[in-house]
Number of protein chains: 2
Amino acid sequence: MHKYTGQERFLLAADCIIFGFDGANIKLLLIHRGLEPMKDHWSLMGGFVQKNETPDEAANRVLEDLTGLKNVYMEQLHVFGAPDRDPVERTLSIAYFALIDIHKYEKQLTHEHHAEWFELNELPELIFDHNEMVKMAKKQLRYKAALHPILFQLLPEKFTIPQLQALYEGIYQSKLDDRNFSRKLLSTGLLIKLPEKEKLSSKKGAFYYKLDQSNYLENFEAFLNFIPNPDRFFKD
Amino acid sequence: MHKYTGQERFLLAADCIIFGFDGANIKLLLIHRGLEPMKDHWSLMGGFVQKNETPDEAANRVLEDLTGLKNVYMEQLHVFGAPDRDPVERTLSIAYFALIDIHKYEKQLTHEHHAEWFELNELPELIFDHNEMVKMAKKQLRYKAALHPILFQLLPEKFTIPQLQALYEGIYQSKLDDRNFSRKLLSTGLLIKLPEKEKLSSKKGAFYYKLDQSNYLENFEAFLNFIPNPDRFFKD
DNA sequence: TCAAAAGTGTTACAACTACACCCATGG
DNA sequence: CCATGGGTGTAGTTGTAACACTTTTGA
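Residues numbered from 1 in each chain as written. Chains lettered and ligands numbered in written order. Predicted model: local features only at pLDDT ≥ 70, side-chain atom pairs only at ≥ 80, totals over all residues. Heavy atoms only, no water.

Focus on a positive patch on the surface
All names here are of chain A. This is how it is decided: Patch criteria: residues need more than 30% relative accessible area and no salt bridge. Like-charged residues are merged within 9 Å; nonpolar side chains of Val, Leu, Ile, Met, Phe, Trp and Tyr are merged within 5 Å. Here the Shrake-Rupley method, with its probe set to 1.4 Å, supplies the accessible areas, and only the displayed protein chains count as covering residues. In what follows, salt bridge is the name for a side-chain nitrogen of Lys or Arg lying within 4 Å of a carboxyl oxygen of Asp or Glu. Within this scheme the basic residues Lys and Arg register as positive and the acidic residues Asp and Glu register as negative, but His and the chain ends are omitted. In this description, the location of a charge corresponds to atom NZ of lysine, CZ of arginine, CG of aspartate or CD of glutamate. Think of it this way: any DSSP run of H or I at least four residues long counts as a helix, any run of E at least two long counts as a strand, and we number them from the N terminus. Three exposure classes are used, based on accessible area relative to the maximum for each residue type with a 1.4 Å probe and protein chains only: buried under 20%, partly exposed in between, and exposed over 50%.
Side chains of Lys193, Lys197, Lys199 and Lys204 sit close together on the surface and give a patch of like positive charge. Following the sequence through the fold, Lys199 ends up in the loop between β9 (191–198) and β10 (206–211). A relative accessible area of 51% places Lys199 in the exposed class.

So, in structure tokens, the structure goes:
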């Protein structure tokens, strides 16, 4: 059965750091633990990797269980493997971060799991090393978003430029110049202007845009450089 | 004993993608397998994660076993976890990539392990999914080196600017303008000029420089932007 | 008619690229 | 004394940041 004899075998978990954007703030989806250990504490959603499952599949399964969403933007972040990170039994965790359109998730599922959205700067204490995971995910999100057009993943199909700008401003906690922002954005050729306007948040109304899917993949690696001096944001 | 009952447990390996630079070419350190399966094939150096060891410790142990080197620049790359990636038994591998000064490793150790340095574009076929790991590591090296001053790790304490330029040119497989290169480099404030010259590779001799260690850590996150249009290198 | 947000244009400055010449020295 | 690689200076271009005004329309 075990062909590599004499070697230790480990439990493997996939934990998901799930970001969402409600139009004003970036949020994180956390679950309230119903059982011991650490009952009544907040935690990331996670699950064990199964026998014939890749870690990516495990992470996608966990995410779907919680939100009902498939085909979500998700990337492997880091393996957390301190021997004592889980007090019950040694478990290594592969952390993933996911970006979802907050309006698409299925509320009844998050309810079943006692999940709640938290603002990034109002996070509760989390179990185990989940605080550290979130910290790394926030850093990685800022890093990646400064270089690649991933933040679209947090918005609905149709979105306006002011919405997108609010998202960037939220993530970098700083005000951006609207004139320069829209110029840079449109110059990427990633957006297609739609004939409709969004009229809820202003009287004049802002045109909707959608992603140009073909250009998106091609230009994914291209640097956007929306954020002046991006390095100042990567400190921690 | 097992407190999370009914869950599968997995073998975990740490595999190291070890880059070195000999002054002219970037190379990869590979070992020649002495045992089945895949006897006589080439592979990355790896080892199983042990009972009370973090993955990072395992990777450092593996690296030290092969090269005799400690405190080497190393970062976690990615977990490879396809169920059938190891034909013997399911094993997940955490891939690490390391940058070492090729002149510092201990030759007798690499000899014991039947290790050899290969040029990046003359790599043999590797076992399992190691080809894929190397491909990802190469991409990550280009990515990271375009943004952060990590390539110094491949050079000795003292190095000249032409040496460093040869390294960048090797990694990006393209000629860089020497005037612009040295200007950008010196403008980072990361280098300290030494009074000595290296006289082997030219008649005039090139001044040695060393890293300013204090500035190095502070400026690590700063973008260097040595490579014009870095995105063209990240395609694969 | 006015408040509030959307959208566009211009100018000054900084960064980058491209390019040509001088320097030092071993053979 | 000349071939070889090291080192520096400059001008033209491009990209970015800073800034002010007009447009639209619901209340």
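Quick word on the interface of chain A and chain B
Defined as follows: Here a residue-residue contact requires only that any non-hydrogen atoms of the pair lie within 4.5 Å. Summed over both partners, the accessible area (1.4 Å probe) lost when two parts come together is defined as the buried area. Polar contacts here mean pairs of N or O atoms no more than 3.5 Å apart (in protein, one a potential hydrogen donor and the other a potential acceptor; neighbouring residues in sequence count only if both atoms are side-chain atoms).
On the chain B side, the residues contacting the 42 residues of chain A number 43 residues. For the pairing of chain A and chain B, the buried interface totals around 4000 Å² over both sides, and the portion due to carbon and sulfur atoms is 59%. Between chain A and chain B we count four salt bridges in total. For the salt bridge of Glu8(B) with Lys51(A), the shortest nitrogen-to-oxygen distance reads 3.9 Å. Taken together, chain A and chain B are joined by 23 residue pairs in polar contact (both at pLDDT 80 or more).

A short note on the packing of aromatic side chains
Heads up, the condition is: Pairing of aromatic rings covers Phe, Tyr and Trp, the last through its six-membered ring, and needs centres within 6.5 Å; plane angles under 30 degrees mean stacked, over 60 mean edge-to-face, and all others mean tilted. By definition, being over a ring means that NZ of Lys or CZ of Arg is both within 6 Å of the ring centre and within 35 degrees of the ring normal.
Across all of its chains, the model carries 17 aromatic pairs over all chains by this definition. Seen in terms of ring centroids, Tyr168(B) and Phe181(B) are 5.5 Å apart; in terms of plane orientation they differ by 65°. Their pairing is edge-to-face. With a gap of 13 residues between them, Tyr168(B) in helix α4 (residues 161–172) and Phe181(B) in helix α5 (residues 178–187) connect regions that are remote in the sequence. Taken together through their ring pairs, the aromatic side chains of Phe152(A), Phe159(A), Tyr216(A) and Phe220(A) make up a single cluster. The residue whose ring lies beneath Lys158(A) is Tyr208(A), and the NZ or CZ to ring-centre distance is 4.9 Å. Sitting above the plane of the Phe207(B) ring, Lys193(B) keeps its charged end 4.4 Å from the centroid.

Looking at the sheet that holds strand β10 (residues 206–211) of chain B
Residue and element names in this part refer to chain B. Stated formally: A pair of strands is treated as paired once DSSP finds two or more bridges between them.
Taking strand neighbours across the sheet as the criterion, the three strands line up as β8-β10-β9 in an open arrangement whose pairing is antiparallel. Looking at strand neighbours, the two that pair on one side only are β8 (159–160) and β9 (191–198), the edges of this open sheet. As paired strands, β8 and β10 are joined by two bridges and run antiparallel to one another. For Phe159, the partnering residue across the bridge sits in β10 and is Tyr209.

Describing helix α5 (residues 178–187) of chain A
You can read the cap of α5(A) off the contacts: a side-chain oxygen lies 2.9 Å from the backbone nitrogen of Arg179(A), and it is on Asp177(A). Count one or two residues on from α5(A) and you reach Gly189(A), which has phi positive near 75°.

Observations concerning the packing of helix α4 (residues 161–172) of chain A against α5(A)
Residues and elements named next belong to chain A. The test is simple: Angles run from 0 to 180 degrees between N-to-C directions of axes, and those axes are lines fitted to C-alpha atoms, restricted for helices to the stretch in contact. Throughout, the term roughly parallel applies to angles under 35 degrees, roughly antiparallel to angles over 145, roughly perpendicular to angles from 65 to 115, and oblique to all others. Each residue is assigned to one of three groups, with Ala, Val, Leu, Ile, Met, Phe, Trp, Tyr, Cys and Pro labelled nonpolar, Asp, Glu, Lys and Arg labelled charged, and all others, Gly among them, labelled polar.
Where α4 meets α5, the axes come as close as 11 Å, and the angle between the chain directions of the two elements is 105°. One element, α4, and the other, α5, form an angle in the roughly perpendicular class. Together, Ile161, Leu164, Gln165 and Tyr168 of α4 and Asp178, Phe181, Ser182, Leu185 and Leu186 of α5 make up the contact between the two elements. Split by residue class, the contact of α4 with α5 holds six nonpolar, two polar and one charged.

Observations regarding the protein's contact with DNA strand D
Formally: Nearness here has a simple test: a residue counts as near a molecule or strand if at least one of its heavy atoms is within 4 Å of that partner.
In the vicinity of DNA strand D lie 19 residues, with Arg179(A), Asn180(A), Lys184(A), Arg179(B) and Lys204(B) positioned nearest. Sugar plus phosphate, as a fraction of atoms of DNA strand D within 4 Å of the protein: 44%. At a separation of 3.3 Å, a base oxygen of DNA strand D approaches a polar side-chain atom of Arg183(B). Within the side chain of Lys204(B), one N or O atom sits 3.2 Å away from a base nitrogen of DNA strand D. Of all elements in the fold, only α5 of chain A together with α5 and β10 of chain B reach the threshold of two or more residues within the surface near DNA strand D. When residues of the surface near DNA strand D are assigned to their parent elements, the largest contribution, four residues, is made by α5(A). Taken together, the residues of the surface near DNA strand D break down into four nonpolar, five polar and ten charged.

As for the pattern of salt bridges
Scanning the entire structure with this criterion turns up 22 salt bridges over all chains. Residues Asp177(A) and Arg179(A) are paired through a salt bridge, measuring 3.4 Å at the closest nitrogen-oxygen approach. Residue class for Asp177(A) comes out partly exposed when judged on its relative accessible area of 32%. Across the pair Arg85(B) and Asp129(B) runs a salt bridge whose closest N-O atoms are separated by 2.6 Å. Of this pair, Arg85(B) sits in the loop between β5 (73–80) and β6 (91–100) while Asp129(B) is found in the loop between β7 (115–119) and α3 (130–147), placing the two residues 44 residues apart along the sequence. Its relative accessible area of 10% is what places Asp129(B) among the buried residues. In the salt-bridge network here, residues are joined through shared partners; they are Asp15(A), Arg85(A) and Asp129(A).

Details of α4(B)
All names here are of chain B. The cut-off we apply is this: Under the convention used throughout, the expected extent of a helix is 1.5 Å for every residue step, that is, one less than its residue count.
Between the first and last C-alpha of α4 there are 17 Å, a value that for twelve residues agrees with the 16 Å anticipated at 1.5 Å per step. Burial of α4 is extensive: nine of the twelve residues sit out of reach of the surface. Every buried residue of α4 is listed here: Ile161, Leu164, Gln165, Leu167, Tyr168, Glu169, Gly170, Ile171 and Tyr172. Next to the buried residues of α4 lie β1 (11–21), β2 (26–32), α3, β8, α5 and β10. Of the residues one or two after α4, Gln173 is the one with positive phi, at around 45°.

Some words on the relation of the copies chain A and chain B
Our working rule: When the copies are overlaid, the least-squares fit takes in C-alpha atoms only where the residue has pLDDT of at least 70 in both copies.
When chain A is fitted to chain B, the best match, at an RMSD of 0.0 Å, comes from turning it 180° and sliding it 0.0 Å along the axis. Taken together, the turn and the small shift mark the pair as related by a two-fold rotation axis. Both copies contact each other with a shared surface, as 100% of the interface residues of chain A are interface residues in chain B too.

Thoughts on the sheet that holds strand β8 (residues 159–160) of chain A
Overall, antiparallel pairing links the three strands, which are arranged β8-β10-β9 (chain A) in an open sheet. The sheet is open, and its two edges are formed by β8 and β9 of chain A, each paired on a single side.

Side note on the UniProt feature "domain: Nudix hydrolase" (unreviewed entry) in chain A
How we decide: UniProt positions are given in the numbering used here, feature names are shortened, and annotations may be inferred rather than shown by experiment.
As recorded in UniProt, the sites labelled "domain: Nudix hydrolase" (unreviewed entry) are residues 11–142 of chain A. Between the C-alpha atoms that bound residues 11–142 of chain A there is a distance of 31 Å. The span itself is 24% helix and 36% strand.

Section: the side chain of Arg33(A)
Residue and element names in this part refer to chain A. Relative to the helices and strands, Arg33 is located in the loop between β2 (26–32) and β3 (42–43). One buried charged residue, Arg33, remains without a salt bridge, the closest side chain of opposite sign being Asp86 at 7.0 Å. Excluding residues within four positions of it along the chain, Arg33 makes contact with Met38, Lys39, Asp40, His41, Ser43 and Ile127.

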